[in-house]
Amino acid sequence: MNPVTKTIVLLPGDGIGPEVIRTAVRLLEDCAAEFGHRFELVEFPIGGAAIEMCGSPLPPETLVACRAADAILLGATGGPRWDSLPLGQRPESGLLALRKELELYVNLRPIHLREPLRGISPLKSARTRKIDLEIVRELAGGIYFGAHRLERENGAERALDIETYSTGEIERVARFAFARAESRSQRLTSVDKANVLASSALWRKTVASLAAGYPGVAVEHMYVDNAAMQLVLAPEQFDVILTSNLFGDILSDGAAGLVGSIGLVPSMSCGLGPPLFEPIHGSAPLLAGKDRACPIGAVLCASLMLRETFGLATEAEWIEASLDRVLGSGYRTADIAEPGSTVVGCSDLTEMIRAEMRASLEQIERYGWGV
Ligand code: IPM
Ligand code: MN
């Protein structure tokens, strides 16, 4: 095992962001201590916290630090306190600017029904035999980054948002999704609205012509409305889903519901700059500061970072297996509780995962990491 040295920029942000990032940090520190890695963790403000501290949701120092990082870990942005600010000045625009500045055009969202959580899916059990898919969402283009305008004419208001995609923007994210499908079960579903939108027609044409370069991958094209329904009716049919920025945002919240809670889903954004890891949940202002947040999205961000970016699969597995054992013993945060569960807070769940990691070391020392 080769120890690594990495700089990780922490962007806790708003609401429950700082609480869940604290959990992820503890686990990263445990991995560093156990395996001899050196993780330099440096914290910077983003979102509403940055507006309060520096007057901007993405201060220049934060961006400079992110550009120099090996990886970035973000909590959440936004909150009622800033809801009256105009678009473009809100906390969320700090996150959007960061994605754009670093040209992070891929957002990977693994949707996995974990074995101990089988019972919390809202689907009947026959439909949840296997939910293990990945949504590859385009992240640096589309309607999120087109013009947003409010116009006034004769006292009436009219708003417009423009969606654009170029062939190059579609190709680069599609290549990532094809490669991902190649490494999994060779199935790719490209989701669009090509029966109505010009940007989607180009999307479909571009994905279809790239498919020739991946002869092993079976490609299916699906309209987004149908995809939303198919995800609920038969999620097992999906392996890798490739879609645009807006459709990916919407479908991934729906898919997170299938595996029990939006609090459980991590994400990895990558492209030209350093990769950014963030749970897909929001800042949950009603839970903030009460030690009631579910840290599992952030925990899985830590393991995703270790596995995908640092190539540390053993460490990732150590975290995930320990998490599953804690969940299997019935300890849950409130959002994923079942009858009979023991509901615990964010910090207790964190300590239970850490205790399980320590306990499993003894076993590992005896039998090796393969168990
Ligand atoms: C997400 C969030 C963001 C998005 C918001 C906070 C701008 O919903 O990461 O899914 O829409 O991309
Ligand atoms: Mn979202």
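Residues numbered from 1 in each chain as written. Chains lettered and ligands numbered in written order. Predicted model: local features only at pLDDT ≥ 70, side-chain atom pairs only at ≥ 80, totals over all residues.

Enquirer: Please provide a residue-by-residue account of the overall build of the protein chain, values included.
Expert: Within the protein chain, the secondary structure is distributed over eleven helices and 14 strands. A compact globule built from 371 residues should have a C-alpha radius of gyration of about 21 Å, and the protein chain, at 21 Å, falls within 12% of that. Oriented by its inertia axes, the alpha-carbon framework of the protein chain measures out at about 70 × 50 × 45 Å. Split into buried and exposed, the 371 residues of the protein chain put 47% on the buried side. In the protein chain, the share of contacts with a sequence separation of at least 24, taken over all contacts with a separation of at least 6, comes to 74%. (Helix = DSSP H or I, 4+ residues; strand = E, 2+ residues; numbered from the N terminus. Rg over C-alpha atoms; globule rule 2.2 N^0.38 Å. Buried ≥ 20, exposed ≤ 12 C-beta atoms within 10 Å, placed from the backbone. Contact = placed C-beta atoms within 7 Å.)

Enquirer: So, the nonpolar core: which residues are in play, and what are the values?
Expert: In a soluble, globular protein the nonpolar side chains are often hidden away together inside. Core analysis: the biggest nonpolar cluster contains 105 residues, and Ala24, Ile72, Leu73, Val136, Ala177, Val299 and Ala302 have the highest contact counts within it. With nine residues, helix α9 (residues 296-309) is the single largest residue contributor to this core. Residue contacts for Val136: discarding those within four places in its chain leaves Val106, Leu108, Val173, Phe176, Ala177, Arg180, Val240, Ile241 and Leu242. (Core = buried A, V, L, I, M, F, W, Y, C linked by C-beta atoms within 7 Å.)

Enquirer: Can you lay out the site of ligand 1 for me, pointing to particular residues and giving the numbers?
Expert: Neighbouring ligand 1 are Thr77, Gly78, Glu92, Leu95, Leu96, Asp249 and Ile280. Among the elements that make up the shell around ligand 1, the one with the highest residue count is helix α4 (residues 91-101) (three residues). Taken together, the residues that form the shell around ligand 1 break down as three nonpolar, two polar and two charged. (Near = placed C-beta within 6 Å. Nonpolar A, V, L, I, M, F, W, Y, C, P; charged D, E, K, R; others polar.)

Enquirer: Quick one: what's the story with the packing of helix α10 (residues 313-328) against helix α11 (residues 346-367), residue by residue and with numbers?
Expert: In the contact formed by α10 and α11, the axes pass within 8 Å of each other and the chain directions differ by 115°. With respect to the hand of their crossing, α10 and α11 are arranged in right-handed fashion. Between α10, through Trp318, Ile319, Ala321, Ser322, Leu323, Arg325 and Val326, and α11, the contact on the second element is made entirely by Leu349, Met352, Ile353, Glu356, Met357 and Ser360. Among the residues making up the contact of α10 with α11, the classes are represented as nine nonpolar, two polar and two charged. (Axes fitted to C-alpha atoms, helices over the stretch in contact; angles between N-to-C directions. Left-handed = near helix turned anticlockwise from the far one by under 90°.)

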